[in-house]
Amino acid sequence: MTTNEYIRGVKQRGWQPFSGKLWHRNYYEHIIRNDRELNSISQYIRENPANWALDHDNPSNLLKPSAEEDVDYLKEIGI
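These numbers come from a predicted model, not from an experiment.

What counts, and at which threshold
- Residues numbered from 1 in each chain as written.
- Predicted model: local features only at pLDDT ≥ 70, side-chain atom pairs only at ≥ 80, totals over all residues.
- Heavy atoms only, no water.
- Helix = DSSP H or I, 4+ residues; strand = E, 2+ residues; numbered from the N terminus.
- Buried < 20%, exposed > 50% of the residue type's maximum accessible area, 1.4 Å probe, protein only.
- Areas by Shrake-Rupley, 256 points an atom, 1.4 Å probe, with all protein chains shown as cover.
- Phe/Tyr/Trp six-rings, centres within 6.5 Å; stacked < 30°, edge-to-face > 60°.
- pLDDT = per-residue confidence, 0-100.
- Salt bridge = Lys/Arg side-chain N within 4 Å of Asp/Glu carboxyl O.
- Lys, Arg positive; Asp, Glu negative; His and termini not counted.
- Polar contact = N/O pair within 3.5 Å; in protein donor to acceptor, adjacent residues only side chain to side chain.
- Contact = heavy atoms within 4.5 Å.

J.: Got a minute to help me understand the overall build of the protein chain in this structure?
T.: The secondary structure content of the protein chain amounts to 3 helices and 0 strands. Starting at the N terminus and walking to the C terminus, you meet the elements of the protein chain as α-α-α. Scored against the burial criterion, the 79 residues of the protein chain give a buried share of 9%. On the protein chain, roughly 7500 Å² of surface is accessible, and the fraction owed to carbon and sulfur atoms is 55%.

J.: Quick question: what am I supposed to make of the packing of aromatic side chains here?
T.: Working definition: an aromatic ring pair is given by the centre-to-centre distance plus the angle between the planes. Summed over all chains, the structure comprises 1 aromatic pair. Considering the side-chain rings of Tyr6 and Trp15, the 6.3 Å spacing of their centres and the 40 degrees angle between planes classify their relative orientation as tilted.

J.: I'm lost on the confidence of the model for the protein chain in this one. Help?
T.: Reading predicted coordinates in detail is not appropriate for stretches of low pLDDT. In the predicted model, the protein chain carries a mean pLDDT of 80, and the fraction of residues at 70 or more is 81%. Mean pLDDT values over the elements of the protein chain span from 69, in helix α3 (residues 67–76), up to 92, in helix α2 (residues 35–47).

J.: What exactly am I supposed to notice about the pattern of salt bridges here?
T.: A side chain with one charge may pair with a side chain of the opposite charge, provided their charged atoms come close. One pass over the structure, following the stated rule, counts 2 salt bridges. Among the ionic pairs, Arg8 bridges to Glu5, the shortest N-O distance being 3.0 Å. Of this pair, Arg8 and Glu5 both sit in helix α1 (residues 2–13), 3 residues apart, which is roughly one turn of the helix. For Arg8, a relative accessible area of 37% gives the class partly exposed. The salt bridge involving Glu5 is made with Arg13; its shortest N-O contact spans 3.0 Å. Classification of Glu5 by relative accessible area gives partly exposed; the value is 30%. Among the ionic contacts, a cluster of salt bridges with common partners joins Glu5, Arg8 and Arg13.

J.: Looking at this model, I keep getting lost on the side chain of Glu37. Mind explaining?
T.: Position of Glu37 relative to the elements: it lies in helix α2. Nearest to the buried, unbridged Glu37 among oppositely charged side chains is Arg36, at 4.8 Å. Within the structure, Glu37 has its side chain in polar contact with the backbone nitrogen of Arg33 (distance 3.2 Å). Beyond its immediate sequence surroundings of up to four residues, Glu37 is in contact with His30, Ile31 and Ile32.

In structure tokens form, the structure reads like this:
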């Protein structure tokens, strides 16, 4: 439904077209089971926008971090 509404917005309301994918492939949900997980996930959500310049999904970022760097970052924030 969201994708269809976006397409209508582009066609009928002059929204800027987006050439990439709107949704992550293989998305999965995660049940937060304790305060430690809640705190780690909350911290990730708060800090993630600051990492957009380094994110390998950022289309303006020509240098993509390696998978090892991604793993190191996730360990650093406790995920």
